[in-house]
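Per-entry structural report
So the chains spell out like this:
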Amino acid sequence: MRGPTDPREPAEIHLGPVRAFVGLGSNLGDRLANLQEAVDRLEKTPGVSVVKTSRVYETDPVGPPQPDYLNAVAAVETRLSARGLLEGCLAVERAMGRERRERWGPRTIDLDVLGYGREQIDEPGLQVPHPRMHERAFVLVPLLELEADPVLPGGRCLADLRLGPGMLWGVRPFASALHIR
C-alpha cells in the first residue's frame with residue numbers, strides 16, 4: 001500500500017483521514033479574534049476539518065519582552081500530508097498578515113503542527129511531533145484537553161516526562177473553546 005512517503009504519492013494528499021493537532025497563538029491586536037479567525041480559516045482549508053478546540057489560555061511569552069499570548073490547540077482531521085497541513089497553516093498565517101521578523105517575537109498569529117497521527121517526522125522545515133512541545137506548558141495544557149496521551153518528541157509519552165512544580169506557572173484560563181463554524 002502506498003503512503004505519504006511514497007515518491008509516487010502527491011506530497012500534499014494522504015490516503016485516509018489523519019487526526020492531527022495544531023497549536024495556535026497570538027499576542028498582537030485582538031488576540032481572541034485572531035485565534036478565532038485562524039480556526040475559521042483552517043476549517044476552510046481544503047482537506048482539513050476542525051473537530052474540536054481546547055479552551056483558550058493566556059500565557060507568559062517566551063523570548064524577547066512582549067505582550068502576553070493567548071494560546072489554544074485545535075484537533076483536526078485531514079486528508080493532507082503532514083507537509084500539506086503545514087503549508088495550509090502557513091497560508092492561514094500569511095492571509096492574516098503574519099510577518100516573521102524576530103525568532104520567538106510578537107505575532108498576530110502563529111500556527112504550529114504539533115502532532116500528525118502517531119507519526120514521527122524529521123524533515124527540513126517539518127518536525128512532528130513539534131520538537132519543543134513537551135517543554136512548553138502553553139502547548140501541553142491545551143493539548144491535554146484534547147488528547148490524554150499525545151505523541152511527544154522521541155516517541156516518549158506523558159508518563160515519561162518529569163514536570164517540575166513550576167512547569168505550569170504562567171498558564172491562565174482565559175476563555176472557553178473557540179467556535180467551529
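All values reported here derive from a predicted model rather than from experimental measurement.

Moving on, we get to the packing of aromatic side chains. Geometrically, a pair of aromatic rings is defined through the distance of the ring centres and the angle of the planes. On inspection of all chains with the given rule, the structure shows zero aromatic pairs. A cation over a ring is seen here: R31 above F174, with NZ or CZ 5.5 Å from the ring centre.

Contact geometry for helix α1 (residues 31–43) and helix α2 (residues 82–95): axes closest at 10 Å, N-to-C directions at 130°. On the basis of their axis angle, the class for α1 and α2 is oblique. Taken as a pair, α1 and α2 cross one another with a handedness that is right-handed. The segment α1 lies against α2, with A38, R41 and L42 engaging C89, V92 and A95.

Membership of the largest hydrophobic core comes to 30 residues, with the highest contact counts inside it found for L24, L42, V76, L85, L111 and Y116. For this core, the secondary-structure elements that each account for two or more residues are β1 (13–26), α1, β2 (48–53), β4 (69–80), α2, β5 (110–116) and β7 (126–128). Discounting chain neighbours no more than four positions away, the residues touching L85 are A20, V22, V48, V76, T78, L80, V113 and Y116. Membership of the second largest hydrophobic core comes to 11 residues, among which are F21, A75, M133 and L140.

Rules used throughout
- Residues numbered from 1 in each chain as written.
- Predicted model: local features only at pLDDT ≥ 70, side-chain atom pairs only at ≥ 80, totals over all residues.
- Heavy atoms only, no water.
- Phe/Tyr/Trp six-rings, centres within 6.5 Å; stacked < 30°, edge-to-face > 60°.
- Lys NZ or Arg CZ within 6 Å of the ring centre and 35° of its normal.
- Axes fitted to C-alpha atoms, helices over the stretch in contact; angles between N-to-C directions.
- Helix = DSSP H or I, 4+ residues; strand = E, 2+ residues; numbered from the N terminus.
- Parallel < 35°, antiparallel > 145°, perpendicular 65-115°, else oblique.
- Left-handed = near helix turned anticlockwise from the far one by under 90°.
- Contact = heavy atoms within 4.5 Å.
- Core = buried A, V, L, I, M, F, W, Y, C linked by side-chain atoms within 4.5 Å.
- Buried < 20%, exposed > 50% of the residue type's maximum accessible area, 1.4 Å probe, protein only.

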